[in-house]
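# Fold and geometry: a report
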2 protein chains.
Amino acid sequence: MKRQVLIFGVVGGVLITVLKWTEYRFLVLEHSFEIYGALIAALFAGLGIWLGVRMHERRERVVVREVTVPVEVPVSIPASAPFTRDEAKREQLGITPREMEILTLVAEGLSNREIAERLFVSENTVKTHCSRAFDKLGAKRRTQAVQLGKEMGLLP
Amino acid sequence: MKRQVLIFGVVGGVLITVLKWTEYRFLVLEHSFEIYGALIAALFAGLGIWLGVRMHERRERVVVREVTVPVEVPVSIPASAPFTRDEAKREQLGITPREMEILTLVAEGLSNREIAERLFVSENTVKTHCSRAFDKLGAKRRTQAVQLGKEMGLLP
DNA sequence: AACGTCGTCATGCTTTCGAGTGATTTTGGG
DNA sequence: CCCAAAATCACTCGAAAGCATGACGACGTT
């Protein structure tokens, strides 16, 4: 960003100087003002467009970078992989099978209530499992848990 | 796009005219040329920046997607899919670029507050976008929205 | 000028989550 | 049999999420 502004300034300065100089050489005509004006306008317009695009692109790029941090660690196989859970990772994190089960359902977008109904347990139980799983995953939200779970190869 | 160019031209013309006119009124000083030059330069630079940003915004949404790709990092699979968002699907569902942006961040496990901070908007705005996006996706919860989004090729 | 879309923001209200704490069963292995 | 790990359930409370509704401005199209 700074570089662009710098270049912009330098070009501007050089431009002015050159114009000032040429003014005393040739083209000391009556209508030179309009010509010079048009030239300056055109040049700076182009420069402006360039700068604008550049600036905008930078910003977008930066934003995207921040947004794109997710580091995928697919342990599975390329196309059409049936997905095999990384049991080792699960063990390592101390996540129990039941917690894994709940986690899977969470990843499918079910609410605690729905999970409870599907597994024939109380909602409180689901919450407990969730809490523990989130803890072990280091997640603060269920969406984050899902994200982390996928990165770690625990979820499809 | 065309309108921008038109405005650009019109402003330019008016500018020249005004300058030409003022030239014969006041400020007929010796160094007026430099002043005028600077003014023209500044104005057209600003105009150019505006135009540049405006123009660029057009395909920005698309570009963003392409840039968003660099997710690769994994150890195994080198031929991993770079992921390209299904813009057609997005259009079809009537999901706006902004909503898509929010959805992406939701999928990364960020809370509404965090999203708001990252995008420099209020939390309420984020909620609004979320609601609309969920609606269009037919999701009741953010986790479900993420799940559906992935199935539909809208999210990585 | 009128209309439609998008993005922004707010307010009020309900529901869902998640943390913290504690407690009671299963269950598998030594 | 006994113990530890796992699974189950409950209760509170504050935070986060979600819903409904309305509004406003910037832009683009017609």
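Where an unreviewed UniProt entry is consulted, chain A appears under the name Response regulator transcription factor, with the organism given as Acidicapsa dinghuensis.

### Notes on the protein's contact with DNA strand C
Close to DNA strand C lie 19 residues, the nearest being Arg-142 of chain A together with Thr-96, Arg-98, Ser-122 and Asn-124 of chain B. When atoms of DNA strand C within 4 Å of the protein are split into backbone and base, the sugar-phosphate part holds 69%. Thr-96 of chain B places a side-chain nitrogen or oxygen 2.4 Å from a phosphate oxygen of DNA strand C. In this structure, a phosphate oxygen belonging to DNA strand C sits 2.8 Å away from a main-chain N or O atom of Ser-122 of chain B. No other element matches the five residues that helix H6 (residues 123-137) of chain B contributes to the surface near DNA strand C. Broken down by class, the residue content of the surface near DNA strand C amounts to three nonpolar, nine polar and seven charged.

### A word on the packing of helix H6 (residues 123-137) of chain A against helix H7 (residues 142-151) of chain A
All names here are of chain A. Direction vectors running N to C along H6 and H7 enclose 55 degrees, while the axes themselves pass 10 Å from each other. Comparing their axes, H7 and H6 come out oblique. The handedness of the crossing between H6 and H7 is left-handed. In this structure, H6 contributes Cys-130, Phe-134 and Leu-137 to the contact, and H7 contributes Arg-142, Ala-145 and Leu-148. Class assignment for the residues of the contact of H6 with H7 results in five nonpolar, no polar and one charged.

### Describing the confidence of the model for chain A
Residue and element names in this part refer to chain A. Of all residues in chain A, 48% attain a pLDDT of 70 or more, and the chain-wide mean is 71. The secondary structure element of chain A with the lowest average pLDDT is helix H2 (residues 32-67), at 52, and the one with the highest is H6, at 96. For residues 1-5, every residue scores under 50 in pLDDT, and the model assigns this stretch five contacts once sequence neighbours within four places are set aside. Low pLDDT, under 50, characterises residues 54-79; the predicted model gives this stretch 40 contacts beyond four residues in sequence or across chains.

### Thoughts on the protein's contact with DNA strand D
Neighbouring residues of DNA strand D: 23 residues in total, closest Thr-96, Arg-98, Val-121 and Ser-122 of chain A together with Arg-142 of chain B. Restricting the count to atoms of DNA strand D within 4 Å of the protein gives a sugar and phosphate share of 69%. In this structure, a phosphate oxygen belonging to DNA strand D sits 2.7 Å away from a side-chain N or O atom of Arg-98 of chain A. Those elements that place two or more of their residues in the surface near DNA strand D are helix H4 (97-107) and H6 of chain A together with helix H1 (2-23), helix H2 (32-68), helix H5 (112-119) and H6 of chain B. For the surface near DNA strand D, the leading source of residues is H6 of chain A, giving five residues. Residues of the surface near DNA strand D, tallied by class, amount to three nonpolar, 10 polar and 10 charged.

What counts, and at which threshold
- Numbers given to residues run from 1 along each chain, matching the order in which its sequence is written.
- By the order in which they are written, chains take letters starting at A while ligands take numbers starting at 1.
- Where totals are concerned, whole chains, interfaces and linings use all residues; where local detail is concerned, this predicted model gives features only for residues with pLDDT of at least 70, and gives and counts side-chain atom pairs only at 80 or more.
- With hydrogens and water set aside, each side-chain value is computed from the structure's full complement of heavy atoms.
- A single heavy atom is enough: if one lies within 4 Å of a molecule or strand, its residue is considered near that molecule or strand.
- Side-chain atoms alone can form a polar contact between residues adjacent in sequence; in general such a contact is a pair of N or O atoms within 3.5 Å, and within protein one must be able to donate a hydrogen while the other accepts it.
- Secondary structure counts use DSSP, requiring at least four H or I residues in a row for a helix and at least two E residues in a row for a strand, with both numbered from the N terminus.
- Each residue is assigned to one of three groups, with Ala, Val, Leu, Ile, Met, Phe, Trp, Tyr, Cys and Pro labelled nonpolar, Asp, Glu, Lys and Arg labelled charged, and all others, Gly among them, labelled polar.
- Note on geometry: axes are C-alpha line fits, over the in-contact stretch for helices, and angles between N-to-C directions span 0 to 180 degrees.
- For this classification, under 35 degrees means roughly parallel, over 145 means roughly antiparallel, 65 to 115 means roughly perpendicular, and everything else is oblique.
- By convention, the crossing between two helices is left-handed when the near helix turns anticlockwise from the far helix through less than a right angle, and right-handed when the turn is clockwise.
- Throughout, a contact is declared for two residues whenever any of their heavy atoms are within 4.5 Å.
- pLDDT expresses, on a scale from 0 to 100, how confident the predictor is about each individual residue.

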